Number of protein chains: 2
Amino acid sequence: MSIVTIERKVLEKNDEIAKRNREEFQKRKIFVLNLVSSPGSGKTSILEKTLEYFQGTIPIAIIEGDVQTNLDAQRIAKYNVPVVQVVTNGLCHLEAKFISEAFDSLTTDTIKLLIIENVGNLVCPSGYDLGEHHKVVVLSVTEGDDKPLKYPAMFRNASVLLINKVDLLPYLSTDIEEIKKNALSINPKLILFEISCTANAGIEQWGEWLKTKIEFK
Amino acid sequence: MSIVTIERKVLEKNDEIAKRNREEFQKRKIFVLNLVSSPGSGKTSILEKTLEYFQGTIPIAIIEGDVQTNLDAQRIAKYNVPVVQVVTNGLCHLEAKFISEAFDSLTTDTIKLLIIENVGNLVCPSGYDLGEHHKVVVLSVTEGDDKPLKYPAMFRNASVLLINKVDLLPYLSTDIEEIKKNALSINPKLILFEISCTANAGIEQWGEWLKTKIEFK
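The rules behind these values
Residues numbered from 1 in each chain as written. Chains lettered and ligands numbered in written order. Predicted model: local features only at pLDDT ≥ 70, side-chain atom pairs only at ≥ 80, totals over all residues. Heavy atoms only, no water. Helix = DSSP H or I, 4+ residues; strand = E, 2+ residues; numbered from the N terminus. Least-squares fit on C-alpha atoms with pLDDT ≥ 70 in both. Contact = heavy atoms within 4.5 Å. Buried area = accessible area lost by both parts, 1.4 Å probe. Salt bridge = Lys/Arg side-chain N within 4 Å of Asp/Glu carboxyl O. Polar contact = N/O pair within 3.5 Å; in protein donor to acceptor, adjacent residues only side chain to side chain.

Caption draft 1: Broad picture of the environment of Asn70 of chain A. Among the secondary structure elements, Asn70 of chain A is positioned in the loop between β2 (60-66) and α3 (71-77). Considered as a pair, Asn70 of chain A and Lys180 of chain A are 110 residues apart in the sequence and their alpha carbons are 33 Å apart.

And the structure:
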């Protein structure tokens, strides 16, 4: 029971900082996404495709969260956008205070869209508000159709579900309609996109949705 | 800093119970595996294939860990082996005390092999000893070849790496030799098996290895 109490205190402190982050983002008119998923679902590939889609038309910055290594930041660096790598040194999720620090080290004033790539973990990041406008959960079809039911907190707290690697569906027993049904049973408000970074599918729909959010925020 | 101290206390308490679990398993001559991976890497499918391989020749029991639902225990139940479902209610890993309780509820005295399927999470379960003889990490080739570098703790603490879904390699840019190289750079002692549950590949090698451990323990 003592663990629960401590966790609650950590979460309360985190929520305070997240609130301040959100106020700062609002003030500067930056639309902020928190990209979450299992390891290897394709968050970084979706980021790359998103950067290619916008190709400098909108000023974007990236915060990369990883337990270890800066491999993801290296992948993103070649798109010539501001990128900060947060290495958690074993911690299983990003916290609002890391984002606050990382954001301070981003020097550009013109950012319109900030995408935070969280640590690959379908459990722990669900409880940590970073101050984002939307949590975007990525699920690869290779993970099977039962994941929304097995990891409900993440799907409940997210606003958007990107169903990724749909090009692999012909080689899997995964039923994409079952993924959608399960996800919507947990969170009927989820906005869904079907994506394949390899086949370049669904990126335009995702990009168009992003544009409307950036323009109307 | 206080969080770190608290985590250390939790881990110390866990290690104590894990030590008692291990003594109990030794006394009863039960070989125990702790199966860990990202969500959707195929732990349950590998369990099913392992149970099919042994088909009642060795008495096996299963402890299923999930954040939510008993879907995995339902899948395993049809193999007519003793199975206990542990639902962590949001907690991101199994702890030694859950295993102690679950083990007490297993009524058979004849178990030779106990397989614990941990919560799908490539980060948090790495620090929690359950009293197992080996941590077995499952990595699906769909997750990419950089995962051992990005989640090193799990690969460092495991004894065995099951590289799963190798039937999908023709449709991916993943290089399996790179997975092996990266995994062995983190932990040169890792024992590797290439597995496909769909194509029924590698199960025999894995089963043969298991047999030697059970016979010689």
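Caption draft 2: Local environment of the relation of the copies chain B and chain A. For the match of chain B to chain A, the screw axis carries a shift of 0.0 Å, the RMSD comes to 0.0 Å, and the turn is 180°. With respect to symmetry, the two chain copies, as superposed, fit the operation of a two-fold axis. A shared interface surface links the copies, since 100% of the contact residues of chain B are contact residues in chain A too.

Caption draft 3: Quick look at the interface of chain B and chain A. At the interface, 32 residues of chain B touch 32 residues of chain A. Roughly 2700 Å² is buried in total at the junction of chain B and chain A, and carbon and sulfur atoms are behind 66% of that figure. On the chain B side of the interface with chain A, the three residues burying the most area are Pro39, Lys150 and Tyr171 of chain B, jointly 21% of the side's total. At the junction of chain B with chain A, the criterion picks out four salt bridges. The partner of Lys150 of chain A in a salt bridge is Asp72 of chain B, with the nearest N and O atoms 2.7 Å apart. Here chain B and chain A share eight residue pairs in polar contact (both at pLDDT 80 or more) between them. Elements with a contribution of two residues or more to the side of chain B that touches chain A: α1 (2-27), α3 (71-77) and α5 (147-150) of chain B.

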